[in-house]
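Here is how the chains run, residue by residue.
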Amino acid sequence: MEAPGRDVVVVAASAGGVESLRVLLSELPADLPAAVLVVLHVPPQGSSRLAGILDRAGPLKAAPAEDQEIIRPGRVYVARPDFHLLMSDGMIRLTRGPQHNGHRPAADPLFVSAALDPGARVAAVVLSGTLDDGARGCEAIYKHGGAVAVQDLAECAFPGMPRAAMTAVPAARALPVRELARWVLEQSRTPVSTEVQVYDNEMEREIEQFLREAPSLGEPEGELIAFSCPECNGPIYEQKSATSSRYVCRVGHAWSRDSMINAQSDAVERALWVAIQRLEERLRVLERMRRSAEERGQELSLRYFHEEEERTSEALNTIRMLQSRIGRNGDTLLAD
């Protein structure tokens, strides 16, 4: 069988991606024979102003996605804060399922659901952003016959996401944003074969879990390893593929290699800040006690408190130094 073109376009962006999204949509025509689904990493308490920005960017109507809304060509559906945006049976589905790669909404759930639903009729675009959310989804889309393109790395404010997508799909096109718009239009109007059928039980179960009203805990596939989930501290299972590893907990939180490293850095940094606060508090207590001992002429206590102050100050300086060395820069994490 053959389709007249790829009628679903899934787009992912993160840091530096708003302007790229605006430019992309400004170049798409009003008669685009495809629907555009957009995920931008935003905090849970963020607003839905992105839909308004994109609605004004070009002729396509953009709006926050609504659950169980039928997907229509010529429309832009924007993920809502704190909800994953998915596709199922030609409809929009919104879910507050577990975070993926530390985000909700995240690119991978949308991309994987699109790979399983329209399959070869999907075109995926990855714009500026850090780390590697979307890479696994791009791999799934390409495996199911879809097409993948990314923003030219030299044009990105943060090239981590596009670079990771290209590592997962070496055949992905890398283009400036305005040329990406022409690529999307070309994909939407070029007939494609829909005979590619790939059954992936793991991905199908993953999307089914997202769409359940009350997700249940279960033992993920993969090897139980000596890591804990950065989100819930539960046990982690490693799922290996030919190109990468994925880390999943029993709740359903999922992490790529780079997002796991980044999340663990965040967890360590939070722990160090707690230690810094406690040591600073201990210093204030010791200083108060030392002054009290000095006023009373208690020489032994004075010497003890003075020694404890010195040890605590040394420990505080050491932890402050460690904290300053633990940084996060997703664009320095490269896939092997």
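Residues numbered from 1 in each chain as written. Predicted model: local features only at pLDDT ≥ 70, side-chain atom pairs only at ≥ 80, totals over all residues. Heavy atoms only, no water.

1. Things to note about the overall build of the protein
Along the protein, the regular secondary structure elements total 9 helices and 15 strands. Each principal axis of the C-alpha distribution contributes one length, and for the protein these read about 95 × 40 × 35 Å. Counting over 336 residues, the protein shows a buried share of 49%. Considering only contacts within the protein whose residues lie at least 6 apart along the sequence, 69% involve residues at least 24 apart. Surface exposure of the protein reaches about 16,500 Å², of which carbon and sulfur atoms provide 50%. Measuring between centres, the 38 positive side-chain charges of the protein sit 4 Å from its 48 negative side-chain charges. (Helix = DSSP H or I, 4+ residues; strand = E, 2+ residues; numbered from the N terminus. Buried < 20%, exposed > 50% of the residue type's maximum accessible area, 1.4 Å probe, protein only. Contact = heavy atoms within 4.5 Å. Areas by Shrake-Rupley, 256 points an atom, 1.4 Å probe, with all protein chains shown as cover. Lys, Arg positive; Asp, Glu negative; His and termini not counted. Charge placed at Lys NZ, Arg CZ, Asp CG, Glu CD.)

2. Points about the packing of helix α4 (residues 135-143) against helix α5 (residues 160-168)
Contact pair α4 / α5: the axes reach a minimum separation of 8 Å and the direction vectors enclose 40°. Both α4 and α5 take part in a crossing whose hand is right-handed. Residue-level inspection shows Ala135, Cys138 and Glu139 of α4 in contact with α5, the latter providing Ala164, Ala165 and Ala168. Its residues placed into classes, the contact of α4 with α5 shows 5 nonpolar, no polar and 1 charged. (Axes fitted to C-alpha atoms, helices over the stretch in contact; angles between N-to-C directions. Left-handed = near helix turned anticlockwise from the far one by under 90°. Nonpolar A, V, L, I, M, F, W, Y, C, P; charged D, E, K, R; others polar.)

3. Description of the sheet that holds strand β13 (residues 235-240)
Taking strand neighbours across the sheet as the criterion, the 4 strands line up as β12-β13-β14-β15 in an open arrangement whose pairing is antiparallel. Here the strands that pair on one side only, and so sit at the sheet edges, are β12 (223-228) and β15 (254-256). Between one strand axis and the next, the sheet turns through 35° on average, direction left out of account. In terms of strand pairing, strand β14 (residues 245-249) meets β15 through 3 bridges, oriented antiparallel. The residue of β15 that forms the bridge with Arg246 is Ser256. Contacting β12, β13, β14 and β15, helix α8 (residues 257-296) crosses the sheet at an angle of about 105° to β15. (Pairing = 2+ DSSP bridges.)

4. Concerning the environment of Leu322
Here Leu322 shows up in helix α9 (residues 299-325). Between the C-alpha atoms of Leu322 and Val148, which are 174 residues apart in sequence, the distance is 40 Å.

5. A closer look at the packing of aromatic side chains
The final tally for this structure, using the stated rule, is 2 aromatic pairs. Taken together, a centroid distance of 6.1 Å and an interplanar angle of 45° make the contact between Phe227 and Tyr247 tilted. Linking Phe227 in strand β12 with Tyr247 in strand β14, this pair joins segments that are 20 residues apart in sequence. (Phe/Tyr/Trp six-rings, centres within 6.5 Å; stacked < 30°, edge-to-face > 60°.)

6. Some words on helix α3 (residues 107-116)
Among the 10 residues that make up α3, 9 are buried, leaving the element largely enclosed by the rest of the structure. The complete set of buried residues in α3 reads Ala107, Asp108, Pro109, Leu110, Phe111, Val112, Ser113, Ala114 and Ala115.

7. Some words on the UniProt feature "active site" (unreviewed entry) in the protein
Mapped onto the present numbering, the UniProt feature "active site" (unreviewed entry) falls at Ser14, His41 and Asp133. A maximum C-alpha distance of 9.6 Å among these annotated residues, which run over 120 residues, shows that they cluster at one spot. Structurally, His41 is set in the loop between β3 (35-40) and α2 (49-57). If sequence neighbours within four positions are ignored, His41 has contacts with Ala13, Ser14, His103, Pro105, Ala106, Ala107, Asp133 and Met161. Residue classification places Asp133 among the buried residues on the basis of a relative accessible area of 2%. Apart from residues no more than four positions distant in its own chain, Asp133 is found in contact with His41, Asn101, Ala106, Ala107, Asp108 and Met161. Within the structure, the side chain of Asp133 is placed 2.6 Å from the backbone nitrogen of Ala107, a separation counted as a polar contact. (UniProt positions renumbered as here; feature names shortened; annotations may be inferred. Polar contact = N/O pair within 3.5 Å; in protein donor to acceptor, adjacent residues only side chain to side chain.)

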